[in-house]
Amino acid sequence: GALQYVPFAALKLNPLKDQKSKYLVETNEVVSLPSASVLAQLRKETLGRKPAPKTLAVLADPIFGEDDERFQSLATGGPNPPFNGRIEPAAFAKKGTRSIDSPSGSFELARLPFTRREADLITSYVPEAQREKRLDFAANRAAAASPRLSEFKYIHFATHGLINDQNPELGGLAFSMIDETGRDRDGFLRVGEIYNLKLPAEMVVLSGCRTGLGKDVKGEGLVGMTRAFMYAGAKRVTVSLWDINDEATSELMSHFYREMFTAKKRSPSAALREAQRTMIEDRRWNSPYYWATFVLQGEPR
């Protein structure tokens, strides 16, 4: 029930009595499960499975429409403008979040500039031969559904997530909506399609807003993208519980992957804990809003 929406990492022990009480994540690794039966099924399906040969695939910073400055530069023959680290143009995400809500029922996909920085940072921890990074037009639905992704242990999607808590199969991830000529193309990878993928990954990370939510099914937990990627073969899925801040998430993910892929080589759950602790120590990002939204679901070991 409602416990599935609780960010356990941000809970404190006796916070009213002890002003210096620590967050749970400062003393413990926190791993969630949709249900106990899911863990049993995961272990049954992954028993003896050979690890994928390559390390990391990243899809980030798609192009959603002709108003994107990258398409405008291509159309005029100019250079592709670099991201300068500031969120100023009106086409960028409102308030710096990765949300696509609209009161009218329709929505406009805004560019998420810090997803590019996020992709650059996390791939920098992996040797070139062991990684694949797809940005701009290349961050498209065909690439997200490609069998090539089954060659990677870790798969990272940094883009908008669309959640439908009544019909979860209609939710999904948003990728490039136009090609280099400006022609429209289907950029949504829907939950129903994710179930049909083959992704024997150690972990899939969905770095978008509310990617961990879905329809609450009694006895089975929230049914949405988390369950879909586990069904597709992922041992673990890291997802968010609410609208996330674009810049803060790029910081968190950089710490997360650094802990996994550099000298310390921590497990995913330990790496997420260390990343969240690092955010707590940073005055800019120490509010739980910035770091407690991400939860790791699936295999804890």
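Shown above is the structure to which this text applies.
Reference entry: report on the structure contained in this document. (Residues numbered from 1 in each chain as written. Predicted model: local features only at pLDDT ≥ 70, side-chain atom pairs only at ≥ 80, totals over all residues. Heavy atoms only, no water.)

This paragraph deals with the packing of aromatic side chains. Under the defined criterion, the tally for this structure stands at 9 aromatic pairs. For the ring pair Tyr154 and Phe261, a centre distance of 5.2 Å and an interplane angle of 80° mean the geometry is edge-to-face. Here the residue Tyr154 occupies a position in strand E3 (residues 152-158), and Phe261 occupies one in helix H7 (residues 246-261), the gap between them amounting to 107 residues. Each member of the pair, Tyr154 as well as Phe261, carries the same accessibility label: buried. Here a set of aromatic residues connected by ring pairs shows up, and it is made of Tyr154, Phe256, Tyr257 and Phe261. The ring centre of Tyr23 lies 4.6 Å from the NZ or CZ of Lys12, which sits over that ring. (Phe/Tyr/Trp six-rings, centres within 6.5 Å; stacked < 30°, edge-to-face > 60°. Helix = DSSP H or I, 4+ residues; strand = E, 2+ residues; numbered from the N terminus. Buried < 20%, exposed > 50% of the residue type's maximum accessible area, 1.4 Å probe, protein only. Lys NZ or Arg CZ within 6 Å of the ring centre and 35° of its normal.)

Attention now moves to helix H1 (residues 36-46). Within the sequence span of H1, burial applies to Val38, Leu39, Leu42 and Thr46. One face of H1 carries all of its buried residues, which in axial projection span an arc of 100°. Away from its buried face, by an angle of more than 90 degrees, H1 presents the exposed residues Ala36, Ala40 and Lys44. Its buried side turned inward, H1 meets helix H6 (225-232) and strand E11 (294-298). (Arc of directions from axis to C-beta. Contact = heavy atoms within 4.5 Å.)

These figures capture arrangement, not role.
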